[in-house]
Amino acid sequence: MDNIEVDINPSYTMMKTLPNGLMLSEEQMDILKEYNIDYLSCKSLNELIYKVETIYDETEDDVLSNLLDILSERDYYENYNK
């Protein structure tokens, strides 16, 4: 089996706190920029999820679906009583 070389870049996937209080990775911000989603105007993770869902409903892109899964799971664990 051939070895697959994977470039690991922790700074690309590490969460960073943005000026609006959201925590996103550079990877997530790049995806949002690609779809022209203004994540800096969002005041909450829930608002960002809504914006991503709106674009996903139009495109049904797997990249957005994956991002939605990640953001929704974080929203659940950060904002709902267990």
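## Here we look at the overall build of the chain
When helices and strands are counted, the chain shows 4 helices and 2 strands. Reading the helices (α) and strands (β) of the chain from amino to carboxyl end gives α-β-β-α-α-α. Taken over the C-alpha atoms alone, the chain extends approximately 45 × 30 × 30 Å along its principal axes. With 82 residues in all, the chain has 27% of them scored as buried. Sequence-distant contacts in the chain: of pairs separated by 6 or more residues, those separated by 24 or more amount to 26%. Looking at the chain as shown, the accessible area adds up to about 6,200 Å², and 50% of this sits on carbon and sulfur atoms. Averaged over its 6 positive side-chain charges, the chain has a centre that lies 12 Å from the centre of its 19 negative ones.

## Considering the nonpolar core
The biggest cluster of nonpolar side chains holds 18 residues, and the ones touching the most others in it are Leu24, Leu32, Tyr39, Leu48, Val52 and Leu71. Elements with a contribution of two residues or more to this core: helix H2 (26-34), helix H3 (45-59) and helix H4 (62-79). Setting aside anything within four residues of it in sequence, one finds Leu32 in contact with Leu24, Ile37, Tyr39, Leu48, Val52 and Leu67.

## Things to note about the confidence of the model for the chain
A residue-level look at the chain finds 94% of positions with pLDDT of 70 or above and a mean pLDDT of 89. Per-element confidence in the chain ranges from a low mean pLDDT of 78 for helix H1 (residues 10-13) to a high of 95 for H2.

The rules we used
Residues numbered from 1 in each chain as written. Predicted model: local features only at pLDDT ≥ 70, side-chain atom pairs only at ≥ 80, totals over all residues. Heavy atoms only, no water. Helix = DSSP H or I, 4+ residues; strand = E, 2+ residues; numbered from the N terminus. Buried < 20%, exposed > 50% of the residue type's maximum accessible area, 1.4 Å probe, protein only. Contact = heavy atoms within 4.5 Å. Areas by Shrake-Rupley, 256 points an atom, 1.4 Å probe, with all protein chains shown as cover. Lys, Arg positive; Asp, Glu negative; His and termini not counted. Charge placed at Lys NZ, Arg CZ, Asp CG, Glu CD. Core = buried A, V, L, I, M, F, W, Y, C linked by side-chain atoms within 4.5 Å. pLDDT = per-residue confidence, 0-100.

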